[in-house]
Amino acid sequence: VTGVLDDCLCDIESIDDFNTFKIFPKIQKLQERDYFRYYKVNLKRPCPFWADDGHCSIKDCHVEPCPESKIPVGIKAGSSNKYSKAANNSKELEDCEQANKLGAVNSTLSNQSKEAFIDWARYDDSQDHFCELDDERSPDAQYVDLLLNPERYTGYKGPSAWRVWNSIYEENCFKPRSVYRPLNPLAPSRGGDDGESFYTWLEGLCLEKRVFYKLISGLHASINLHLCANYLLEETWGKPRWGPNVKEFIRRFDPAETKGEGPRRLKNLYFLYLIELRALSKVAPYFERAVVDLYTGNGHEDAESKALLLDIFRDTKSFHMHFDEKSMFAGDKKGAKSLKEEFRLHFKNISRIMDCVGCDKCRLWGKLQTQGLGTALKILFSEKEIQSLPENSPSKGFQLTRQEIVALVNAFGRLSTSIKELQNFKVLLQQTR
């Protein structure tokens, strides 16, 4: 995949260099900070669109919360607990981590983290724009350590996974009924259609609707890349080995295997990267204010996290080929407003479809990446509000919850990883030829 992307003036090589040398190393570091590694999610919300066809029983899909008896008293006590070293190193915590087998979502937390979350909750002022947010106060919502639960291939596939993507593409991508070919790039096309008539239709859409399709396609391509790059290659003596699967990559992206569509999907990944990169550069003033603190209760850690985040913002601003979102929703005010609302509702619907994903680990990462993109869209459509934020008081007009901030950074981190993994696959493909 090379050359200039459609609908913007940026070329792929510039993004590759910028991501590899500037963004990727820093965003990796940022994702390891306490503020960004814990994400609160409700994996038990029922699917609102069809009767649930049962959850995936594969162990790598599995979420195994700690039994109540194993959770140290200090964690249960919450903020009354002091930061004692003895409490943090308790035997129960070790037992609990042992109980979380391969692939299980590890929901054990240190006492310090538990205290920090109580404080974070006070800082959050929930205001939803593009996503259906989980109710954090729900008894089913739990904190997940994203570092202990990496996104990777779990074996979840088949009709359940198909239905989710099909619903996203068929019902939420502004497709007229006259276009028969399924939008889902994994679905079998009917008859001898090579896809060109389908893309003629896509090019005929207005910019906003075309952008919407590309964002969803880019997200799909990114998730598929993560699964190809972190594939269960073998399991000997119960010890799994994860790594890149070149055959799987070819199956999903090779032009010959995908009727020429693979490269288009990868271009949409780059397009999505540009959109989220643009959102990061636009939201910088929100975080540059002294009143915004990435609060965990550890002053030194918090200051370091904020410095690293601001450093990333400086890099995003230095990128000279941003997508120009001003070209979107730029028609007559009434038409632009109704189109923007349609855009928002379609995206909100997609965030609800994520509750229909049968594999808990896939659901976790699907929800996080959808929420991250929803937050990016919210930022791009709130430029005036961000520019007029008061310097020394919490903002009234534009507000991000901690959930949205964590999702935004981690979702962009996933895209940055995808583009890095794509470089790796290019090398592996040259070696296999």
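Reading guide: rules and limits
- Each chain has its residues counted from 1, following the order in which its sequence is written.
- Note on the predicted model: pLDDT of at least 70 is required for a residue's local features to be given, and 80 or more for side-chain atom pairs to be given and counted; whole-chain, interface and lining totals, by contrast, use all residues.
- Only hydrogens and water are set aside when side-chain values are computed; all heavy atoms of the structure are taken into account.
- By definition, disulfides here are pairs of cysteine sulfur atoms that lie within 2.5 Å.
- By definition, any uninterrupted DSSP run of H or I lasting at least four residues is a helix, any uninterrupted run of E lasting at least two residues is a strand, and each is numbered from the N terminus.
- Here, a salt bridge means any Lys or Arg side-chain nitrogen found within 4 Å of an Asp or Glu carboxyl oxygen.
- UniProt positions are given in the numbering used here, feature names are shortened, and annotations may be inferred rather than shown by experiment.
- Think of it in three bands: residues with accessible area under 20% of the maximum for their type are buried, residues over 50% are exposed, and the middle band is partly exposed, with areas taken using a 1.4 Å probe on protein chains only.
- By definition in these notes, contact holds between two residues if any of their heavy atoms fall within 4.5 Å.
- The rule is short: rings of Phe, Tyr and Trp, with Trp giving its six-membered ring, pair when the centres are within 6.5 Å, and they are stacked under 30 degrees, edge-to-face over 60, tilted in between.
- By convention a nonpolar core is built from buried Ala, Val, Leu, Ile, Met, Phe, Trp, Tyr and Cys residues, the set being connected through side-chain atoms within 4.5 Å.

Colleague: Any chance you could explain the state of the cysteines here in plain terms?
Modeller: Two cysteines, two sulfur atoms, one covalent bond between them: this is a disulfide. The tally for this structure, following the rule as stated, stands at one disulfide. Across the disulfide from Cys47 sits Cys356; the S-S distance is 2.0 Å. Judged by the sign of its S-S torsion, about 75 degrees, the cystine formed by Cys47 and Cys356 is right-handed. Separated by 309 residues along the polypeptide, Cys47 in the loop between strand 1 (38-42) and helix 3 (73-77) and Cys356 in the loop between helix 13 (333-353) and helix 14 (360-380) bring together distant segments of the chain.

Colleague: So what exactly am I meant to see when it comes to the pattern of salt bridges here?
Modeller: In total, this model carries 16 salt bridges according to the counting rule given. Taking the shortest distance from any N to any O, the salt bridge between Asp355 and Arg45 comes out at 3.0 Å. One end of the pair, Asp355, is in the loop between helix 13 and helix 14; the other, Arg45, is in the loop between strand 1 and helix 3, with 310 residues separating them in the sequence. A salt bridge links Asp311 to Arg314; its shortest N-O distance comes to 3.8 Å.

Colleague: Can you walk me through the UniProt feature "active site" (unreviewed entry) in the protein chain in this structure?
Modeller: Summarizing the sequence annotation, UniProt attributes the feature "active site" (unreviewed entry) to Cys359 and Cys362 in the numbering used throughout. Looking at the element boundaries, Cys359 is found in the loop between helix 13 and helix 14. Classification of Cys359 by relative accessible area gives buried; the value is 0%. Positionally, Cys362 belongs in helix 14. Each residue touching Cys362, except ones within four places of it in the same chain, is listed here: Thr154, Tyr156 and Val357.

Colleague: Looking at this model, I keep getting lost on the packing of aromatic side chains. Mind explaining?
Modeller: Aromatic ring pairs: the centre-centre distance and the angle between the two ring planes describe each pair. One pass over the structure, following the stated rule, counts 14 aromatic pairs. With 6.0 Å between their ring centres and 35 degrees between their planes, Trp165 and Tyr169 make a pair best called tilted. Note that Trp165 and Tyr169 are positioned in helix 7 (residues 159-172) at a spacing of four residues, about one turn of the helix. Across the pair, Tyr169 and Trp165 agree in class, each one buried. Taking the centre distance of 5.0 Å and the plane angle of 35 degrees together, the rings of Tyr273 and Phe412 count as tilted. Taken as a pair, Tyr273 in helix 11 (residues 262-288) and Phe412 in helix 16 (residues 402-432) lie far apart in primary sequence, 139 residues in all. Through pairs of rings, three or more aromatic residues link up here, namely Phe212, Phe343, Phe347 and Phe381.

Colleague: Sorry, what's going on with the environment of Asn149 here?
Modeller: As for its position among the elements, Asn149 is in the loop between strand 2 (141-145) and helix 7. The class for Asn149 is buried, based on a relative accessible area of 0%. Separated by 216 residues in the primary sequence, Asn149 and Trp365 place their C-alpha atoms 9.4 Å from one another.

Colleague: Help me understand the nonpolar core, please; the structure alone is not making it clear to me.
Modeller: Note on soluble globular proteins: their nonpolar side chains tend to be buried together. Core analysis: the largest hydrophobic core is formed by 105 residues, its most contacted members being Ile15, Tyr273, Val283 and Phe287. In terms of residue count, helix 11 provides more of this core than any other element does, 15 residues in total.

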